[in-house]
Amino acid sequence: MSDRTRDSNYHRITGEVVSIPPKFPAPITWAILFGFSMIGVGLLILSVIMVFTRGVEIWGNNIPVAWGFPIANYIWWIAIGHAGTLISAMLLMMNENWRNTTNRFAEAMTLFAVTCGGLYPIVHLGRPWFFYWMAPYFSTMTVWPQFRSPLTWDFFAVLTYLTVSLIFWYIGLVPDLAAARDRATKRRWQVFFGLFALGWRGSGTHWLRWRQAYVITAAIAVPLVVSVHSEISMLFAAGPIPGWTSTIFPPYFVLGAAFSGFAVVTMLAVVVRSLLRLKDLVTERHLDMLGRLTLACGLMTAFGYVAETYTSLYAGSYEAQTVMDRFTGPYWWSFWGAVVFNFVPIQLLWWRKIRVAPVFTFLIGLSVAVGMWMERYMLLVTSLYRDWLESSVNAFQGTFWDWALFIGFIGLFCAGFLLFVRFLPVIAQFEVKEQVAEEGHA
Amino acid sequence: MPKLEPAFLVGEFPNPEPMLAATRTLREEGWKVELYTPFPVKGMKEALGFTGRTVPHAFVIGGIVGAVGGFLMQVYPNIVYPLDIGGRPMVAVPAFMMITFELLVLCSVLTGIATMFAKNRLPRLHHPLFDATRFHLASDNRFFVSLALVDGADEAKARSALERQGPSSIEKVGGEVPE
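1. Brief notes about the overall build of chain B
Summing up its helical and strand segments, chain B has five helices and four strands in all. Shown N-terminal to C-terminal, the secondary structure of chain B runs as helices and strands in the order β-α-β-α-α-α-β-α-β. Over its C-alpha atoms chain B spans a radius of gyration of 25 Å, topping by over 25% the 16 Å that the globule rule assigns to 179 residues. Across its three principal directions, the C-alpha atoms of chain B cover 80 × 40 × 30 Å. Within chain B, the fraction of its 179 residues that count as buried is 41%. For chain B, contacts bridging at least 24 residues in sequence account for 80% of all contacts bridging at least 6.

If you want it as structure tokens, here you go:
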């Protein structure tokens, strides 16, 4: 390729990405979607006010199912977040350049998903105004968190994960904010991008230090993802509860997390490329690769189901009873729903034609998101509702406020993501240019 | 009285390769040289002769401090306020590893990123280079080389040294006494 075409390619990429916020291509569609999301946010605020004034009694939570919706949803959200980090960090380490058009919005997805997930346990606390008791600090009463309890792990895992995801996303964004600042013509955009670009000027030495920091953060972020979701799985596995106390949980949870996350990234990729008319940057190849990742993680998760069932049946006794109860008990729909929604539609992803068809990949992604939600529900409820004594068997059912809070958080996620799409560069344009320079094509 | 910024001569190049060659030559001639690109260009490390390891070291040091501090943080309350729970050990090392690892990661990343910004002298919202008329293209599709006229540097000599590298334009920015 000649220097001239390469040069104009760079210019085209900058223009295509950074001109999105000032000249948004689909303002009406965006406004409609944002309106719906804000209805969700309203519902969220209402649900939180309700639970803060009337307490957790308005939910279906009972004893023994004290965790209920909030913890199942907490896991679901955090799991979705993990795919953003994996796409971004793992593929960066592996030099898979196709990540460059997907990593930015995948990381944004991580941020909003982890925010939703992280808020859930706080709302779930009976006395949420004491949430800071989880933090270790020198209080006048010298009271400390009990570090020998697994419940302190959550606080540090989520806090670290949220902070590291935010930093990783932001330092990747800084050079693009600088590009947007230099292109902006209106004063308010210049000030907005100018402030957040921190005065980045593309200096060679800056780039080199930036690269060192970015790659090392990515290298740490991958084991961080594994540790965070292993931690969440061990909250289950560390307890002597049939259906939970299993060494298979950490890898099974991490793979399931990646699976649901890739499914949601695919859905967002479909939305972003059609909403922002970015079909020449987020191409069929990207949908193809995301489809393959979803399929691979789905099959590994399916293997986790098989292995879990096998070990439980082999163990016999209470473990086998719980598994049989999952198959045929009152919550059979959540088990078989998880199996069907998770593993049947993804079989279509074996065909390339399906993988590159946006409508199909979106629907398959949605099915996986639903399926993985059912899995968390099943794992939580079926293991808890039948306690050791007959007297402590108590069926669980989500109430209106359970669902309202859940839908509210989905609204918060969508609103956050839409704001990101509206105001920030959704694609790492400098990384796409780097790829053009090295490979000769985007 | 604030310290005066040096003046800069900024040369523009349409392509990365001549920009890298110019950087290398000018650096070897002893000028204080820096390059500006829209994306990290292969070979700029060699061209600039960059050997800095401060940022990676900061990550390591932050990680060690975080891990040790995180572990001791969990040991301390269990020693000063011992609670016997079924005779389990006060210092439960396997249970403490989770938070130790999380704090390793957290401190490592915070230290590393902070060091990166500090070494780069960022955030700094304005810089004399932004006054160059075409410098906004440094984030689009043009490649720039700057020569800092640090005290005693002869501007005419610097200009001819930069001209020999064949930039498409040269501009002088900064260096004036602020009004």
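2. Some words on the overall build of chain A
Secondary structure summary: chain A contains 15 helices and zero strands in total. Against the compact-globule benchmark of 22 Å for 442 residues, chain A has a radius of gyration of 23 Å, which places it among compact chains. Each principal axis of the C-alpha distribution contributes one length, and for chain A these read about 75 × 60 × 40 Å. Here chain A holds 442 residues, and the buried ones make up 50% of them.

3. Looking at the confidence of the model for chain B
Predicted coordinates in areas of low pLDDT are best not read in detail. Residues and elements named next belong to chain B. Here chain B averages 88 in pLDDT, and 96% of its residues register 70 or above. Looking over chain B, one finds the lowest element-wise mean pLDDT in helix α5 (residues 155-163), namely 85, and the highest in helix α4 (residues 93-119), namely 95. Both confidence scores are given for the complex: pTM 0.92, ipTM 0.92.

4. Re the environment of valine 51 of chain A
All names here are of chain A. Positionally, valine 51 belongs in helix α2 (residues 27-54). Classification of valine 51 as buried rests on a count of 22 C-beta atoms within 10 Å. Distance from valine 51 to isoleucine 220, taken between C-alpha atoms, is 37 Å for residues 169 residues apart in sequence. Discounting chain neighbours no more than four positions away, the residues touching valine 51 are Val56, Ile58, Val123 and Trp401.

5. Considering the interface of chain A and chain B
On the side of chain B, 56 residues touch chain A, which itself brings 50 residues to the contact. Of all elements in the fold, only α1 (3-18), α5 (151-183), α7 (204-237) and α15 (429-439) of chain A reach the threshold of two or more residues within the side of chain A that touches chain B. Of all the elements, α7 of chain A adds the most residues to the side of chain A that touches chain B, at 16 residues. A class-by-class count of the residues in the side of chain A that touches chain B yields 23 nonpolar, 16 polar and 11 charged.

6. So, the sheet that holds strand β4 (residues 169-173) of chain B
As a general point, the strands of a sheet are linked pairwise by backbone hydrogen bonds and lie either parallel or antiparallel. Residue and element names in this part refer to chain B. In spatial order, the strands read β2-β3-β1-β4; together these four strands make up an open sheet with antiparallel pairing. The open sheet terminates on both sides in strands that have one partner only, identified here as β2 (32-36) and β4. Each adjacent strand pair in this sheet contributes to an overall mean axis angle of 20 degrees, direction not counted. Bridge count between strand β1 (residues 7-13) and β4: five bridges; the pairing is antiparallel. Counterpart to glycine 11 in the pairing with β4 is isoleucine 170. Against the sheet, helix α1 (residues 16-28) engages β1, β2 and β3 (143-149), with an angle of about 20 degrees to β3.

7. Examining the packing of helix α3 (residues 68-93) of chain A against helix α8 (residues 249-275) of chain A
Between two packed helices, the angle of one axis relative to the other and the distance separating the axes together describe the packing. Residues and elements named next belong to chain A. Taken N-terminus to C-terminus, the directions of α3 and α8 make an angle of 80 degrees; their axes are 6 Å apart at the nearest point. Considered as vectors, α3 and α8 are oriented roughly perpendicular to each other. On α8, the residues touching Ala79, Ile80, Gly81, His82, Ala83, Gly84, Leu86 and Ile87 of α3 are Gly256, Ala257, Ala258, Ser260, Gly261, Phe262, Val264 and Val265. Tallied by class, residues from the contact of α3 with α8 come to 10 nonpolar, six polar and no charged.

8. Concerning the nonpolar core
In terms of nonpolar packing, the biggest core is built from 184 residues, with Met109 and Val265 of chain A touching the most fellow members. Residue contributions to this core peak at 17 residues, all from α8 of chain A. Counting only domains with at least three residues in this core, you end up with domain 1 (7-52 + 127-173) and domain 2 (54-119) of chain B. Discounting chain neighbours no more than four positions away, the residues touching methionine 109 of chain A are Gly84, Val264, Val265, Leu268 and Phe417 of chain A.

9. Some points on the domain arrangement of chain B
What the domain assignment lists for chain B is domain 1 (7-52 + 127-173) and domain 2 (54-119). Relative to domain 2 of chain B, the C-alpha centre of domain 1 of chain B lies at a distance of 44 Å.

10. Some remarks on unusual backbone geometry
Glycine aside, negative phi is the norm for most residues, and most peptide bonds take the trans geometry. Each neighbour pair has its own omega, and for isoleucine 63 of chain A with proline 64 of chain A the value is 15 degrees, a cis peptide bond. Tracing the backbone shows proline 64 of chain A in the loop between α2 and α3. With an omega of -5 degrees, the peptide bond between leucine 122 of chain B and proline 123 of chain B qualifies as cis. Despite not being glycine, leucine 198 of chain A shows a phi value in the positive range, around 60 degrees. Here leucine 198 of chain A shows up in the loop between α6 (187-196) and α7.

11. Some thoughts on the packing of helix α3 (residues 54-80) of chain B against α4 of chain B
Remark: α3 of chain B packs on α4 of chain B, axes separated minimally by 6 Å, with the N-to-C direction vectors making an angle of 145 degrees. Judged by the sense of rotation from one axis to the other, the crossing of α3 of chain B with α4 of chain B is right-handed.

12. Digging into the confidence of the model for chain A
Residues with a pLDDT of 70 or more make up 98% of chain A, whose mean pLDDT is 90. The least confident element of chain A is α1 of chain A, whose mean pLDDT is 79; the most confident is helix α11 (residues 332-343) of chain A, at 96.

13. Quick word on α3 of chain A
Residue and element names in this part refer to chain A. With 26 residues, α3 ought to run about 38 Å at 1.5 Å a step, and its terminal C-alpha atoms sit 38 Å apart, in line with that. Of all the bends in α3, the greatest measures close to 30 degrees and is centred on leucine 86. Among the 26 residues that make up α3, 24 are buried, leaving the element largely enclosed by the rest of the structure. At the C-terminal side of α3, asparagine 95 shows a positive phi close to 60 degrees.

14. With respect to the pairing of β3 of chain B
All names here are of chain B. For β3, the tally of buried residues reaches six of seven residues, placing the bulk of the element in the interior. As paired elements, β1 and β3 share seven bridges and run antiparallel to each other. If you follow glutamate 12 over to β3, its bridge partner there is phenylalanine 144. With five bridges connecting them, β2 and β3 associate as antiparallel partners. Looking across to β3, one finds that lysine 32 is bridged to alanine 148.

15. So, the environment of phenylalanine 71 of chain B
Residue and element names in this part refer to chain B. Within the element layout of this structure, phenylalanine 71 appears in helix α3. Assessed through the 20 C-beta atoms surrounding it within 10 Å, phenylalanine 71 is described here as buried. A C-alpha to C-alpha distance of 9.5 Å links phenylalanine 71 and methionine 98, two positions 27 residues apart in sequence. Contacts of phenylalanine 71, omitting those with residues within four sequence positions, involve Phe96 and Thr100.

Calculation criteria
- Residues numbered from 1 in each chain as written.
- Chains lettered and ligands numbered in written order.
- Predicted model: local features only at pLDDT ≥ 70, side-chain atom pairs only at ≥ 80, totals over all residues.
- Helix = DSSP H or I, 4+ residues; strand = E, 2+ residues; numbered from the N terminus.
- Rg over C-alpha atoms; globule rule 2.2 N^0.38 Å.
- Buried ≥ 20, exposed ≤ 12 C-beta atoms within 10 Å, placed from the backbone.
- Contact = placed C-beta atoms within 7 Å.
- pLDDT = per-residue confidence, 0-100.
- Nonpolar A, V, L, I, M, F, W, Y, C, P; charged D, E, K, R; others polar.
- Pairing = 2+ DSSP bridges.
- Axes fitted to C-alpha atoms, helices over the stretch in contact; angles between N-to-C directions.
- Parallel < 35°, antiparallel > 145°, perpendicular 65-115°, else oblique.
- Core = buried A, V, L, I, M, F, W, Y, C linked by C-beta atoms within 7 Å.
- Domains from an automatic or database assignment.
- Left-handed = near helix turned anticlockwise from the far one by under 90°.
- Expected span 1.5 Å × (residues − 1).
- Bend = angle between axes of the 7 residues up to and from the residue.

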